[in-house]
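# A closer look at the structure
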Amino acid sequence: MEVLWVDNDYLFLSNYRNQEDYEIWLVPLKKKGAGKLPNFKRKEKLTEVMYWEGMIGKTKNKIVYCADGKICKLDLRTKKIQELSTGISGRNCSLVRDANGNPFLQDSKVYCNDDIEGDMYQIDLAKWEKTKFGWRSDGSMATDGNYFYYMQDYLMKYNPHTGKKKKLFVGDKLFDKLQKLKAPVTKKGVISDKSEVMEISVSNIFYYNKRLYLSVEVEYEGEDESEDDGIMNTGSYGKVMFSCLKKDGSDLKYEKSITEYLWKHSYTYTDSYAESLWTELSGDFAYLMGDSIVLHFYDKEKSKGADEEDKHRLVIYNLRDKSTRKIVRPSDEYGYLKAVGYSFYEEPHC
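Now for a description of the structure that goes with this document. (Residues numbered from 1 in each chain as written. Predicted model: local features only at pLDDT ≥ 70, side-chain atom pairs only at ≥ 80, totals over all residues. Heavy atoms only, no water.)

### Quick look at the environment of I258
Note on placement: I258 falls in helix α2 (residues 256–264). C-alpha of I258 to C-alpha of T324: the two residues are 66 residues apart in sequence and 9.3 Å apart in space. Once residues within four sequence positions are removed from consideration, I258 is found in contact with M241, F285, I293, L295, Y317 and L319. (Helix = DSSP H or I, 4+ residues; strand = E, 2+ residues; numbered from the N terminus. Contact = heavy atoms within 4.5 Å.)

### Regarding the packing of aromatic side chains
Taken as a whole and assessed by the stated rule, the structure comprises 12 aromatic pairs. Ring geometry for F133 versus Y158: centroids 4.8 Å apart, planes at 80°, classification edge-to-face. Pair noted here: F133 is in strand β13 (residues 129–135) and Y158 is in strand β16 (residues 154–158), with a separation of 25 residues, a long-range link. Using a relative accessible area of 6% as the deciding quantity, one classes F133 as buried. Each ring, one from F148 and one from Y158, has its centre 5.7 Å from the other, and the planes form 50°; the classification is tilted. You can see F148 sitting in strand β15 (residues 148–151) and its partner Y158 sitting in strand β16, a full 10 residues away along the chain. Each member of the pair, F148 together with Y158, is buried. Through a chain of ring-to-ring contacts, the aromatic side chains of F104, Y111, F133, F148, Y150 and Y158 assemble into a single cluster. Over the ring of F133 we find K165; its NZ or CZ atom is 4.1 Å from the centre of that ring. (Phe/Tyr/Trp six-rings, centres within 6.5 Å; stacked < 30°, edge-to-face > 60°. Buried < 20%, exposed > 50% of the residue type's maximum accessible area, 1.4 Å probe, protein only. Lys NZ or Arg CZ within 6 Å of the ring centre and 35° of its normal.)

### With respect to the sheet that holds β16
Within a beta sheet, neighbouring strands are joined by backbone hydrogen bonds and run either parallel or antiparallel to one another. Within the open sheet, the 4 strands sit side by side as β14-β15-β16-β17. Their pairing is antiparallel. Lying at the two open borders of the sheet, with one neighbouring strand each, are β14 (142–143) and β17 (165–170). As paired elements, β16 and β17 share 5 bridges and run antiparallel to each other. Looking across to β17, one finds that K157 is bridged to K166. (Pairing = 2+ DSSP bridges.)

### Some thoughts on a negative patch on the surface
On the surface, a cluster of negative charge is made up of D138, D153, D172 and D176. Tracing the sequence through the fold places D153 in the loop between β15 and β16. (Patch = residues over 30% accessible without salt bridge, like charges linked within 9 Å, V, L, I, M, F, W, Y side chains within 5 Å. Areas by Shrake-Rupley, 256 points an atom, 1.4 Å probe, with all protein chains shown as cover. Salt bridge = Lys/Arg side-chain N within 4 Å of Asp/Glu carboxyl O. Lys, Arg positive; Asp, Glu negative; His and termini not counted. Charge placed at Lys NZ, Arg CZ, Asp CG, Glu CD.)

### A short note on the sheet that holds strand β27 (residues 312–318)
Spatially, β25-β26-β27-β28 is the arrangement adopted by the 4 strands of the open sheet, whose pairing is antiparallel. Since the sheet does not close on itself, it has two edges, and those belong to β25 (284–289) and β28 (324–326), each with one partner. On average, each strand axis in the sheet is inclined to that of its neighbour by 25°, with strand direction left out of account. Sheet topology places β27 next to β28; 3 bridges connect them, and they run antiparallel. Counted as the bridge partner of V315 is K326 from β28. Helix-sheet contacts for α2 involve β25, β26 (292–298), β27 and β28, and the interaxial angle to β26 is about 20°. (Axes fitted to C-alpha atoms, helices over the stretch in contact; angles between N-to-C directions.)

### A few points about unusual backbone geometry
Residue P330 follows R329 across a cis peptide bond; omega there is 0°. Here P330 is to be found in the loop between β28 and α3 (332–341). The backbone of K210 shows a phi angle near 70°, a positive value even though the residue is not glycine.

### With respect to the nonpolar core
With 39 residues, the main nonpolar core has L155, L174, L214, I293 and L295 as its most contacted residues. Examining the composition of this core, we find that 6 residues originate from one element, strand β19 (residues 211–220), more than from any other. Beyond its immediate stretch of four places on either side in the chain, I293 contacts F206, M241, I258, F285, Y287, L288, V315, I316, Y317 and L319. (Core = buried A, V, L, I, M, F, W, Y, C linked by side-chain atoms within 4.5 Å.)

### Some thoughts on the pattern of salt bridges
This structure, assessed with the given rule, holds 17 salt bridges. One salt bridge in this structure joins D7 and K58, with 3.0 Å as the shortest N-O distance. Of this pair, D7 sits in the loop between β1 (2–6) and β2 (10–17) while K58 sits in strand β6 (residues 52–58); the two residues are 51 residues apart in sequence, bridging distant segments of the chain. According to the relative accessible area criterion, D7 is partly exposed, its value standing at 24%. Put simply, K79 and E44 hold a salt bridge, and the shortest N to O gap is 3.2 Å. Placement of the pair is K79 in the loop between β8 (70–75) and β9 (81–85) and E44 in strand β5 (residues 44–49), with a sequence separation of 35 residues. Residue K79 is classed as partly exposed on the basis of its relative accessible area of 27%.

### Considerations on the pairing of β19
Across the 10 residues of β19, 10 count as buried, placing the element largely inside the fold. Neither face of β19 is left uncovered, since the one carrying R211, Y213, S215, E217 and E219 and the one carrying L212, L214, V216, V218 and Y220 both have all their residues buried. Strand direction decides the pairing type here: strand β18 (residues 197–208) and β19, joined by 10 bridges, are antiparallel. Residue I200 lies in a different strand from β19, and its bridge partner there is V218.

### Let's talk about the environment of L168
One can find L168 in strand β17. Separated by 80 residues in sequence, L168 and D248 have C-alpha atoms that sit 5.6 Å apart. Among residues more than four places away in sequence, those in contact with L168 are Y149, L155, K157, K246, K247, D248 and G249.

Written out as structure tokens, the structure reads:
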């Protein structure tokens, strides 16, 4: 079960029964003292879908969401659903999200990636129409209030008022810098200085104080390991932070302090998925709050047998003065930061 949306009136929940249908439920809130609590006695099933992608927004009487390759408006009074097909098969349709993991929604427009064909579409919720926007984005989309920034083969700058796009720099520039960069170390030091960079992707873009901060996921060279059924592909993955001026993409530099803190305080672990064996080298640059980036550490192997809650550590890194502050667990602050940052949470790497 997952919380999809909450406001002063309703709580919206998902329920994935028997891994067959993804159900959306509405739970009214009732006043309790100075606050409100869910009234589960009046819960109501709204609809069910096969492939859920995300909640986009809510007005007084409607919710807007993406599921099964469609943008949907559901009337909370009549339960009627208006659908706009993206033309993308449900499993391969993904919403472009902001740095906090929420669907990137600006001026009544959202953006969808076709993860197979490699295209991106702009969906105008007011006009209820879609237009092709270009190649799919590499990760999140950010805004400084005037322009949008996202990564394709190039770091792109988009003016939503004129529709003009500008290429700031090619992604190979990041790749070249990472090839020359001495990898940070973890507590276990599983990466050597000679480990070759195989692939990179910009997973998140943060905007702060006239600069764009680029969270880059780096795949380092791994050695194939023999298994009973054949050879298992291996790889090691970690996050590295770069930044550049948002005006023109110049002054691209490695953010050493925040990257080394992330790596040196991460718990390295190895896991398998399908025919791959991968090692997670670092935690994550999770999201931006004010002048700070919240760092997330996932202690999977370290906390075997522990509650899911105990597997998460959060640290606030201040971009202005480079100070750090660990979030006490459990605490109201920890609960708030975890709820805000993990409305769209994925297991590490896969």
